[in-house]
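Letter by letter, the chains look like this.
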Amino acid sequence: MPGAEPGAKAAPVEAEAGDPGAPVVAVRPRRRVLRTVGLIAVAAVIGLVGGTAVGYGVQAEREPTALPPLNQPGLAYPAKPLPEGQKAKLPASEDLRTKAEGDLRKLLLPKPAGAKKSEFADADGWMHLSTFASRFNKPGNALDDQLEMGVRRIAVTSWATGEYKETEIRLVQYRAGDGLGAQDFVEGQQAYMPDEDFAESEGTELKGSANGRYYVFPVRKKAGYLDLYEARAYFYRGDIAVEIFIVDTKKIAVKDIRSLAERQLGRL
């Protein structure tokens, strides 16, 4: 037979009527074995159900056992009991919602000492949605996507240091709703960072953030132009997405973009 192991014995087959050449196998003992196994299985099920029922009955008659006290009762917030009807509130410095509802520009990192005004800086720290969308390769698609995600407002700051080094930080805030605008936007930007025209890598995890990452791009060389170096960071907290850009004609150290991202994250 195809697929049979060498030396294997064929299982006996019960005789069928009209097949005089077929081997005759005693059927009665086999049925008795099956009947015995069935009885054992039924007994096991009855025993399991009966034992479970008895266990529940015994437990129901017992007094409830008190849970042990917390190992660290001091972790409760607030530390002291509040008057009846009063709810605990986080201080404004720790409440992201309170900070995010104020002037979003105040959450941006301040310009470093000695920094100059960037040539492309926005006058009042706010970026119009049309301007924001124009920074993408397909502005129309970007505008539609932002509206669909519920973009609310965009705060921006930028500065220049050295001869050609430019830095820009954007806080993109989204409306509260069923969607996760800030997360969706950040993950969308991170998705194309490994591409050849961008960082060509997965970047490095930004500690302290949900899924933030920072990237240092390979140098871009073009005949007749200065070398171009770039670094970026993308992360979010709550309903605020953060973009950080650094460009220069000299190599950008990893610690520069990491430090900038960590300090901006700390303000949110």
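Structure shown above.
Cut-off values and rules
Residues numbered from 1 in each chain as written. Predicted model: local features only at pLDDT ≥ 70, side-chain atom pairs only at ≥ 80, totals over all residues. Heavy atoms only, no water. Phe/Tyr/Trp six-rings, centres within 6.5 Å; stacked < 30°, edge-to-face > 60°. Buried < 20%, exposed > 50% of the residue type's maximum accessible area, 1.4 Å probe, protein only. Pairing = 2+ DSSP bridges. Helix = DSSP H or I, 4+ residues; strand = E, 2+ residues; numbered from the N terminus. Contact = heavy atoms within 4.5 Å. Axes fitted to C-alpha atoms, helices over the stretch in contact; angles between N-to-C directions.

1. Concerning the packing of aromatic side chains
Here comes step 1: Scanning all chains against the criterion turns up 5 aromatic pairs.
Here comes step 2: Considering the side-chain rings of Phe-132 and Phe-136, the 5.5 Å spacing of their centres and the 80° angle between planes classify their relative orientation as edge-to-face.
Here comes step 3: Look at Phe-132 and you get buried, because its relative accessible area is 0%.
Here comes step 4: The partly exposed category is assigned to Phe-136, whose relative accessible area is 21%.
Here comes step 5: A connected cluster of aromatic rings, assembled from ring pairs, spans Phe-132, Phe-136, Tyr-174 and Phe-185.

2. Regarding the pairing of strand β4 (residues 213-216)
Here comes step 1: Of the pairings in the sheet, the one linking strand β3 (residues 204-205) to β4 comprises 2 bridges and is antiparallel in character. Bridge pairing links Thr-204 to Tyr-214 in β4.
Here comes step 2: As defined by bridge partners, β4 adjoins strand β5 (residues 229-237) across 4 bridges and the pair is classed as antiparallel. Bridge pairing in β5 links Arg-213 to Tyr-234.

3. Brief notes about the sheet that holds β4
Note on sheets: strands pair through backbone hydrogen bonds, and any given pair is parallel or antiparallel.
Here comes step 1: Spatial ordering of the open sheet is given by β1-β2-β6-β5-β4-β3, a layout of 6 strands whose pairing is antiparallel. The open sheet terminates on both sides in strands that have one partner only, identified here as β1 (151-161) and β3.
Here comes step 2: Each of β2 (165-174), β4, β5 and β6 (240-248) is contacted by helix α5 (residues 181-191), which is oriented at about 155° to β5, the strand it contacts most.

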